[in-house]
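One letter stands for each residue in the lines below.
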Amino acid sequence: RFIAKPCAINLGIQDSGPHRAQPNAILEKVFTSITKSPDGKRLEGLSKQLDWDVRKIQRWFRHRRNQDKPTTLTKFCESMWRFTFYLSIFFYGIRFLWTAPWFWDTRQCWYNYPFQPLTSRLYYYYILELAFYWSLMFSQFTDIKRKDFLIMFVHHLATIGLITFSYMNNMVRVGTLVLCLHDASDFLLEAAKLANYAKYQRLCDAFFMLFGVVFIVTRLGIYPFWILNTTLFESWELIGPYPSWWLFNGLLVTLQVLHVIWSYLIIRTASKALVRGKVSKDDRSDVESSSEEEDVTPNSTKGIFSTSSNGSNRLNGHVASAQWTGE
């Protein structure tokens, strides 16, 4: 409110949302009391009642749904908050782990387990991460519901479960490695979204490409060969298959499955952007539009992210599943 909003205004981001629907008491009553997306039969009835064309009524409902969506300024502030947290917690984690012996030798995660001291710095690192992911878990029910809602829900659930479970079982050493690894790419995605809201397209594309490289290297390279290697094999060798070993590694493998799905979508988005150089729209966009309402020149759609008429972001969360021109 006091930092992100002034920054957005200085960058020329206006607090204006999508086109507002024409006031109509009958349609408003249907929208608020019955349905926000009427079927064909109801549209025909409303058309006769109001003497409006069906397409005009469809357009009204589309505008009415859109006007409840957050503005670009609101989304900029949210992304700036997440960018600030991810960047701060990542550097905190790197600074803390740089002097930790298990950062350089993962077998140190299991020596003398479970009788390992819990330092104050490690404790605050865990509590901050847990609080943040709980906030994401709750806020996703009030934010715009996107098509990757289920994937993000599973991700937040698995992350919270891992943080809580590892803390209760004093697996905090390997837990800090998992947390730091995941924070390495998240702030780059938020930076790309900030650049997109501010309409710095080249900067946005550069951040997204960097995010994609870091994401794939950390989630498909370092995570399985560094983290899963120590939790699956080194822990088995040093302390044996304890009862909670199966649940702990099951959650870690679940995260790896999500990493593979997201990496595929990121690679597909980046590769098609490089080949074709433009995006028509993202099927996960939170603002609906129709072909007759889109008044966008070809040059305005170039880049990895596309921008709608109100400057809204076309990529939210980790997934960039766009529908591309020509498909």
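Just so you know, the residues in each chain are numbered from 1, in the order the chain's sequence is written. Where totals are concerned, whole chains, interfaces and linings use all residues; where local detail is concerned, this predicted model gives features only for residues with pLDDT of at least 70, and gives and counts side-chain atom pairs only at 80 or more. Heavy atoms throughout the structure, all of them, feed into the side-chain values; hydrogens and water do not.

**Thoughts on the overall build of the protein**
The secondary structure listing takes helices from DSSP runs of H or I that are at least 4 residues long and strands from runs of E that are at least 2 residues long, numbered from the N terminus. From N to C terminus, the protein includes eleven helices and two strands. Element order for the protein, N to C, with α for helix and β for strand: α-α-α-α-α-α-α-α-α-α-α-β-β. At a minimum sequence separation of 6, the contacts of the protein that also span at least 24 residues come to 83%. Counting only carbon and sulfur atoms, one obtains 62% of the accessible surface of the protein, whose full area is about 16,800 Å². For this analysis, residues touch if any pair of their heavy atoms sits within 4.5 Å. Here the accessible surface of atoms and residues is derived via Shrake-Rupley with a 1.4 Å probe, and residues count as covered only by protein chains that are part of the display.

**Observations concerning a nonpolar patch on the surface**
A surface patch of nonpolar side chains, about 600 Å² in accessible area, is lined by Leu118, Tyr123, Tyr124, Ile127, Tyr167 and Met168. Sorting the residues of the nonpolar patch by element identifies α7 (120-139) and α8 (149-168) as the ones contributing at least two each. Top contributing element to the nonpolar patch by residue count: α7, with three residues. Looking at the element boundaries, methionine 168 is found in helix α8. Note on patches: the residues involved have over 30% relative accessible area and no salt bridge, like charges join within 9 Å, and the nonpolar side chains Val, Leu, Ile, Met, Phe, Trp and Tyr join within 5 Å. One speaks of a salt bridge when a side-chain nitrogen belonging to Lys or Arg is within 4 Å of a carboxyl oxygen belonging to Asp or Glu.

**Some details on the pattern of salt bridges**
The tally for this structure, following the rule as stated, stands at four salt bridges. Here arginine 82 ties to glutamate 78 by a salt bridge, and the two come within 3.0 Å at their closest N and O atoms. You can see arginine 82 and its partner glutamate 78 sitting in helix α5 (residues 72-97), four residues apart, about one turn around the helix. Three labels apply to residues, based on accessible area from a 1.4 Å probe with only protein chains included: buried if under 20% of the type maximum, exposed if over 50%, partly exposed otherwise in between. When its relative accessible area of 15% is taken as the criterion, arginine 82 is described as buried. Residue glutamate 237 pairs with arginine 107 through a salt bridge whose shortest N-O separation is 3.2 Å. In this pair, glutamate 237 is assigned in helix α10 (residues 201-239) and arginine 107 in the loop between α6 (101-104) and α7, connecting sequence segments 130 residues apart. Given the relative accessible area of 54%, glutamate 237 is considered exposed. Since its relative accessible area comes to 23%, arginine 107 is described here as partly exposed.

**A look at the packing of aromatic side chains**
For Phe, Tyr and Trp, rings pair up if their centres lie within 6.5 Å, where Trp contributes its six-membered ring, and each pair is then called stacked (planes under 30 degrees apart), edge-to-face (over 60) or tilted (otherwise). Overall, the coordinates contain 27 aromatic pairs when judged by the stated rule. An angle of 65° between the planes, with centres 6.1 Å apart, marks the rings of phenylalanine 85 and tyrosine 86 as edge-to-face. Take phenylalanine 85 and tyrosine 86: they sit in the same class, and that class is buried. With a centroid separation of 3.9 Å and an interplanar angle of 15°, the aromatic rings of phenylalanine 85 and phenylalanine 132 are classed as stacked.

**What about the nonpolar core?**
We call a set of buried Ala, Val, Leu, Ile, Met, Phe, Trp, Tyr and Cys residues a nonpolar core when their side-chain atoms join them within 4.5 Å. Membership of the largest hydrophobic core comes to 55 residues, with the highest contact counts inside it found for Leu97, Trp102, Tyr223 and Phe248. For this core, the secondary structure elements donating two or more residues are α5, α6, α7, α8, α9 (172-197), α10 and α11 (245-276). It is α9 that provides the largest number of residues to this core, a total of twelve residues. Sequence-distant contacts of phenylalanine 248, defined by excluding residues within four places in its chain, comprise Trp110, Leu162, Phe165, Ser166, Met171, Val174, Thr231 and Tyr242. If you look at the next biggest cluster of nonpolar residues, it comprises ten residues, including Val30, Leu46, Trp52 and Phe61.

**Digging into α10**
Considering bend angle alone, the principal kink of α10 is centred on tyrosine 223 and spans about 55°; proline proline 224 follows within four residues of it. Count one or two residues on from α10 and you reach glycine 240, which has phi positive near 85°. Note on bend: the value at a residue is the angle between axes fitted to the seven residues ending there and to the seven starting there.

**Some thoughts on the UniProt feature "transmembrane region" (unreviewed entry) in the protein**
UniProt positions are given in the numbering used here, feature names are shortened, and annotations may be inferred rather than shown by experiment. Here, the residues flagged by UniProt with the feature "transmembrane region" (unreviewed entry) are residues 83-103, 123-142, 207-226 and 246-267. Helix makes up 86% of residues 83-103 and strand makes up 0%, while its end C-alpha atoms are separated by 25 Å. The distance from the first to the last C-alpha atom of residues 207-226 is 26 Å, and the span holds 100% helix and 0% strand.

**Brief notes about the side chain of threonine 230**
Tracing the backbone through its elements, the reader meets threonine 230 in helix α10. Judged by its relative accessible area of 0%, threonine 230 is buried. When sequence neighbours within four positions are dropped, the list of residues in contact with threonine 230 reads Thr106, Trp110, Val174 and Ser235.

**What about α7?**
At 3.6 residues per turn, the α-helix brings residues three or four places apart onto the same side. With 20 residues, α7 extends 28 Å from end C-alpha to end C-alpha; this agrees with the ideal 28 Å at 1.5 Å per step. For α7, every residue scored as buried is listed here: Leu122, Tyr125, Tyr126, Glu129, Leu130, Phe132, Tyr133, Leu136 and Met137. The buried residues of α7 occupy one face: seen down the axis, they fall within an arc of 165°. Turned more than 90 degrees away from the buried face of α7, the exposed residues are Tyr124 and Phe138. Against α5, α6, α8 and α9 lie the buried residues of α7. Given the number of residues in a helix, its expected span is that number minus one, multiplied by 1.5 Å. By definition, the arc is the one covered by directions from the helix axis to the C-beta atoms.

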